[in-house]
Amino acid sequence: MRYKLNILGTRGVPAAYGGFETFAERLSLFLVDKGWEVTVYCQSCGRGSLSENFWKGIRRVEIPVWRDDGLGSMIFDWKATHHALSQEGIFLTLGYNTAIFNLLQRLKGQTNIINMDGIEWRRAKWGRSAKAWFWMNEYAACRIGNHLVADHPVIKEHLITRARPEKITVIPYGADEVLDADSRQLASYAVEPGYFSVVIARPEPENSLLEIVRAFSRTERGHKLLVLGDLKPERNPFHRSVMSAASDEVIFPGAIYEPSIVRALRFFSRFYLHGHRVGGTNPSLVEALGAGCAIIAYDNPFNRGVAGSEAAYFGDEAACADLLDELLTDETSVRNMKAASRERFRAGYKWSDVLNEYERLLVHWYPA
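Residues numbered from 1 in each chain as written. Predicted model: local features only at pLDDT ≥ 70, side-chain atom pairs only at ≥ 80, totals over all residues. Heavy atoms only, no water.

Novice: For this particular structure, what's the right way to read the UniProt feature "domain: Glycosyl transferase family" (unreviewed entry) in the chain?
Specialist: When the UniProt feature table is mapped onto this chain numbering, "domain: Glycosyl transferase family" (unreviewed entry) sits at residues 195-344. Secondary structure across residues 195-344 comprises 44% helix and 17% strand; the distance between its end C-alpha atoms is 24 Å. (UniProt positions renumbered as here; feature names shortened; annotations may be inferred. Helix = DSSP H or I, 4+ residues; strand = E, 2+ residues; numbered from the N terminus.)

Novice: Can you walk me through the environment of Val-306 in this structure?
Specialist: Within the secondary structure layout, Val-306 lies in helix H10 (residues 301-307). Each C-alpha atom of the pair Val-306 and Ile-296 lies 12 Å from the other, and the pair is ten residues apart in sequence.

Novice: Can you walk me through the packing of helix H6 (residues 209-216) against helix H11 (residues 317-327) in this structure?
Specialist: Angle between the axes and distance between the axes are the two parameters that describe a pair of packed helices. In the contact formed by H6 and H11, the axes pass within 8 Å of each other and the chain directions differ by 45°. Judged by the inter-axis angle, H6 sits oblique to H11. Remark: the crossing between H6 and H11 carries right-handed chirality. When H6 is examined against H11, the residues Glu-211, Ile-212, Arg-214, Ala-215 and Phe-216 are found in contact with a partner set consisting of Glu-317, Cys-320, Ala-321 and Leu-324. Split into classes, the residues belonging to the contact of H6 with H11 amount to six nonpolar, no polar and three charged. (Axes fitted to C-alpha atoms, helices over the stretch in contact; angles between N-to-C directions. Parallel < 35°, antiparallel > 145°, perpendicular 65-115°, else oblique. Left-handed = near helix turned anticlockwise from the far one by under 90°. Contact = heavy atoms within 4.5 Å. Nonpolar A, V, L, I, M, F, W, Y, C, P; charged D, E, K, R; others polar.)

Novice: What should I look at first to understand the packing of aromatic side chains in this one?
Specialist: Here the distance between the centres and the angle between the planes together describe a pair of aromatic rings. Counted under the stated rule, the structure contains eleven aromatic pairs. Here the aromatic rings of Trp-36 and Tyr-366 are separated by 6.2 Å at their centres, their planes lie at 85°, and the arrangement is edge-to-face. Placement of the pair is Trp-36 in the loop between helix H1 (19-33) and strand S2 (37-45) and Tyr-366 in the segment after helix H13 (351-365), with a sequence separation of 330 residues. For the residue pair Trp-36 and Tyr-366, the accessibility class agrees, reading buried in each case. Aromatic side chains Phe-267 and Phe-268 sit 5.0 Å apart centroid to centroid with 85° between the ring planes, which places their arrangement in the edge-to-face category. Phe-267 sits in the partly exposed class, given a relative accessible area of 22%. Ring-pair connections join several aromatic residues into one group, and the members of that group are Phe-23, Tyr-173, Trp-351 and Tyr-358. Seen from the ring of Phe-216, Arg-221 lies directly overhead, with NZ or CZ sitting 5.6 Å from the centre. (Phe/Tyr/Trp six-rings, centres within 6.5 Å; stacked < 30°, edge-to-face > 60°. Buried < 20%, exposed > 50% of the residue type's maximum accessible area, 1.4 Å probe, protein only. Lys NZ or Arg CZ within 6 Å of the ring centre and 35° of its normal.)

Novice: Explain the sheet that holds strand S9 (residues 196-200) here, please?
Specialist: Strand-to-strand pairing in sheets goes through backbone hydrogen bonds, with the strands running parallel or antiparallel. Taken together, six strands build an open sheet; the order of strands is S11-S10-S9-S12-S13-S14 and the sheet is parallel. Of all the strands in the sheet, just strand S11 (250-254) and strand S14 (312-314) have a single pairing partner and so form its edges. Taken over all neighbouring pairs, the strand axes of this sheet differ in orientation by 25° on average, direction set aside. Strands S9, strand S10 (224-228), S11, strand S12 (272-274) and S14 of the sheet are contacted by H6, whose axis makes an angle of about 165° with S10. (Pairing = 2+ DSSP bridges.)

Novice: Honestly, the pairing of strand S4 (residues 58-65) in this entry has me stumped. Any pointers?
Specialist: Here is the key point about a regular strand: its side chains alternate between the two faces of the sheet. Within S4, seven of the eight residues are buried, which leaves the element mostly enclosed by the surrounding structure. Bridge count between S2 and S4: seven bridges; the pairing is parallel. When the bridges of S4 are listed, Cys-42 appears paired with Glu-62. Judged from the five bridges that link them, strand S3 (residues 51-55) and S4 form a sheet pairing that is antiparallel. Within S4, the position partnered with Asn-53 by the bridge is Arg-60. Hairpin connection between S3 and S4: a loop of two residues separates the two successive antiparallel strands, and Lys-56 in this loop has a positive phi of roughly 50°.

Novice: What is the right way to read unusual backbone geometry from this model?
Specialist: The linkage connecting Val-13 with the following residue, Pro-14, adopts the cis geometry, with an omega of 0°. Note that Pro-14 resides in the loop between strand S1 (4-8) and H1. The phi dihedral of Lys-56 falls on the positive side, at around 50°, and the residue is not glycine. Structurally, Lys-56 is set in the loop between S3 and S4. Residue class for Lys-56 comes out exposed when judged on its relative accessible area of 58%. Backbone geometry places Asp-117, a non-glycine residue, at a positive phi of 55°. Tracing the backbone through its elements, the reader meets Asp-117 in the loop between strand S6 (111-115) and helix H4 (128-144).

Dropping the structure here:
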């Protein structure tokens, strides 16, 4: 028997957007190499009917949507779910933001595993109506999905309030280990290995970007801070406040998607600062572990569960500033933190381990 997998819930492959897209690409390529038939639903801009093509052995069902916003994503999910009703095999839905649509699959008798991602309705950026929508869909996913994947033990603890423990499997996000990088990639940013730190995050209040920039900018440090992200100060008041708070030692290069550049920035950084307050296993944090970064992170169970006890943690701007004051010149601590990150990564976040766990789960639930 040749196994068939259909992946819903992402913008598609090849990955060019976020963590779920990267995961969908890695899992698809891994399974295709194992002999699976893999279909990924892909969102494109425009109008017209859906089309099909292949990329590296992966069947892409491309669905054009004329809007590039939240409503556009809902339209895409609805069309993808409707098309999936005619497909065979097992289904993997990444995220629960439109889980109510998956009721159609349950009624059809299709086997659908849902990756529950983070607790979306707790995010500060959403208004009351959006939070209610996400809460409803999280609740629906816990009942509609045949099985659930939590990417962090704390996410499982949360989901147990809505589903039986045996219905939930914990599988984290994965990353590649980075053992070298091209230092020439740093030239464009006027930084040198070990003399800069980096933040990689969407510029939203819940990612502590303002607190980190203020903490770093309290004093002259003889050190650079690169803040990667798509900041639009002319349109977004929060972005404007972040950039206004920055000292001359803070660099805003924008969003960078070129893998070789991001790889070099992580690998040669002194610290990776991670301010995410909400979520499970954050992809960027796992990738920092894989690059052997010394990590300074916002103190919550999610980040501690990933980065471990050897990372440094802050709860507010003042604590972040104190850590920078203390650690920027502490070579021994930095060296120990970097070694601990590599050990932590090798123990549970390698792509090979993560993808094998997913295949075992999919085979176990594959319809008879």
